[in-house]
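# Results of the structural survey
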Amino acid sequence: MDYLQIKRVKSLRGNIKISGAKNASLPLIAMTIVAKNSVHIKNLPHVADISTLLKLLSNLGATCEFCEDRVIVDTSTLAQTKATYDIVKTMRASILVLGPILARFGHCEVSLPGGCAIGQRPVDLHLKALEQMGAKINIEAGYIHAVAPNGLKGCEIVFDKITVTGTANIVMAAALASGETTIVNAAREPEVVQLCEILNASGVNIEGIGTAILKISGTNGELVEIKEFSVIPDRIEAGTYLCAGAITRSELTLTHVNAKHLGSVLAKLEEMGSKFTITQDTITIHPSKVIKPIKIVTQEYPAFPTDMQAQFLALATQAKGTSIIEEKLFENRFMHVSELQRMGADISLNGNVATINGGTKLSGTDVMATDLRASSALVLAGLVADGITNVHRIYHLDRGYDALEKKLEAVGANVKRLKE
Ligand code: EPZ
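Residues numbered from 1 in each chain as written. Predicted model: local features only at pLDDT ≥ 70, side-chain atom pairs only at ≥ 80, totals over all residues. Heavy atoms only, no water.

This part covers the sheet that holds strand β14 (residues 229–230). If you trace the four strands from one edge of the open sheet to the other, you get β4-β5-β3-β14, paired in mixed fashion. The open sheet has two free edges, formed respectively by β4 (63–66) and β14, since each of these has just one partner strand. Sheet analysis places strand β3 (residues 39–42) next to β14, joined by two bridges and oriented parallel. By the bridge assignment for β14, Lys42 is matched with Ser230. (Pairing = 2+ DSSP bridges. Helix = DSSP H or I, 4+ residues; strand = E, 2+ residues; numbered from the N terminus.)

What follows is the structure, encoded as C-alpha cells:
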C-alpha cells in the first residue's frame, strides 16, 4: 500500500490547477443512464471514485471510452440492472444509479451501501421518495429490490432532511417519470445545480434550480439528448489547498476554480486572518502570519460544508487561541482528531463538538488516514509539523483528490508517495 511522506518546508509558492468536482462527476455519470446518445464528459477528475462508478456502468453493459480531454459514456447497450455488492461496497455513491435505472427499466437491484467511517449513511430518504413515485421496494439479503412496472409517477416529495445524493437520485428518476415531481427541501449544493442545469438543457424542464424547491417535468420514459459538458471545479479540493496556503502562511493561486462556490469557506478563512484576490476563475490567498481562532458549525450549502471540517480543524491547531468546531451532519466525522493529537495537537471532543487549543507545535510521526477528508487534514498538519509525517492508508485520499502530492510538490512542498 502507498503512503505519503511529508517534510516541512519554509513555505509554498505558485499555482495549483483545481480538477473537476468528484461530487458533481458522480451524479453526472449516473445521469448518462437517462441519455439516448453517447455523452461526452469533460474535466472528470482522475480519482478512484470516478473510476469505480465508470466500472459499475461498464459492468451493467454501458461503454466508457477514455479520450485525452473527456470520457464518452454510451449507455444504449446497458442491459444489466443489478449493481452488485463488490462495487457498491467500495463506493456508497453507487446508490446514484438506483433512480435513473429504475426510471428507465422499471426495475433495479442495488446492494445496500454500507455505512462508512464517518457515519451510518442511510438511504431511507432515497427509498421513501421512490416509493412515493410508485416504486415497490423491498430489502432482501442486503440488496434493495425496486420495481416500477408502470413507470414512476411525478408527485410532491418533502425530504425530512436535506440529502445531496438523495436529491440527485430523485431528480434523475423524476426526469423520466410521467408528470411533474416537486422536491421540497432539496439540496442546493453546486453539484446538484449542475446536474439540474444539464438535464434542463437536455429537455427535462426543471424550475427552481439552486433553490430548495425543484419542479421537474418528466419525459414519461423518453430518453434525452445530452450535449457535451464540462464538470464544475471541485470546491472541496480548492478549499483544501486554500487551507494549505493558510496553514503554511504561503501565498498560493488556485486556477480553474469558481470562488462563488466557496463563499462560506472564504468567509471563515478571512475571519482567521487571510485575504484574497479573486478573478473569474482564480483565487489567490494572502495568508496572515498570525492565524485567528474560529467558531464553525457544519451545515448544508451554502453554509459551511462538512467536507471542509477536518481541514479547518487541522488549521485551527495552528491558530493563536481556542477554536470550536461543531459537526452537525455526520455522527462520526472526528476520526482525524486522534491522529492530530498524536502529532501534539491540543484538541478535546465533547460529543460532536471539538475544542481546539491552538498554537501547539506539531511533531511528525506515523499517522493513519481513516476517511477521505481526514486524510487531507493529516497532510495539512504534516506540512507544518517538525520532523517527518507519514500518512498511511492513503487509498482514502485517492478516492477524492486528483494527484494531490504532485500538485503540492509543484508549489514547493516536500511530499513523496512511497510504498509500505
Ligand atoms: C454527499 O453525501 C457527499 N457525497 C458527501 O461528501 C458530503 O459530505 C454530504 O453529501 C453532505 O454534504 C457525494 O456527493 C458523493 P447526504 P450524501 O445524503 O449525499 C442523512 C466527500 O467527502 N441522510 O447529504 O451521502 C445522512 O445520514 C463526501 O466527498 C439520511 O438520514 O450525504 C446525513 O446525516 C463525504 N437518510 C445527512 O442526511 C438518507 O436517505 C446528509 O447526508 C440520506 C441522508
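Scanning the entire structure with this criterion turns up five cavities of 30 Å³ or more. Roughly 50 Å³ of internal volume is contained in the largest cavity. Taken together, Arg235, Ile236, His261, Leu262, Ser264, Val265, Tyr301, Ala303, Pro305 and Met308 form the lining of the largest cavity. Residue assignment for the lining of the largest cavity shows that the elements contributing at least two residues are α8 (235–247) and α9 (263–271). When the residues that make up the lining of the largest cavity are grouped by side-chain class, the tally is seven nonpolar, two polar and one charged. (1 Å grid on protein atoms, 1.4 Å probe; cavity = no way out; pocket = protein on both sides within 12 Å on 5 of 7 lines; lining within 4 Å. Points joined across faces, edges and corners; volume = space filled by probe spheres on them. Nonpolar A, V, L, I, M, F, W, Y, C, P; charged D, E, K, R; others polar.)

With that settled, consider the packing of α8 against helix α12 (residues 372–384). The geometry of α8 relative to α12 is characterised by a closest axis approach of 9 Å and an angle of 20° between their N-to-C directions. Considered as vectors, α8 and α12 are oriented roughly parallel to each other. In this structure, α8 crosses over α12, and the sense of that crossing is right-handed. Packed against α8, whose contacting residues are Ile236, Thr240, Cys243, Ala244 and Ile247, the element α12 presents Arg373, Ser376, Leu380, Leu383 and Val384 at the interface. (Axes fitted to C-alpha atoms, helices over the stretch in contact; angles between N-to-C directions. Parallel < 35°, antiparallel > 145°, perpendicular 65-115°, else oblique. Left-handed = near helix turned anticlockwise from the far one by under 90°. Contact = heavy atoms within 4.5 Å.)

Fair warning: the whole summary comes from geometry, so function is off the table for now.
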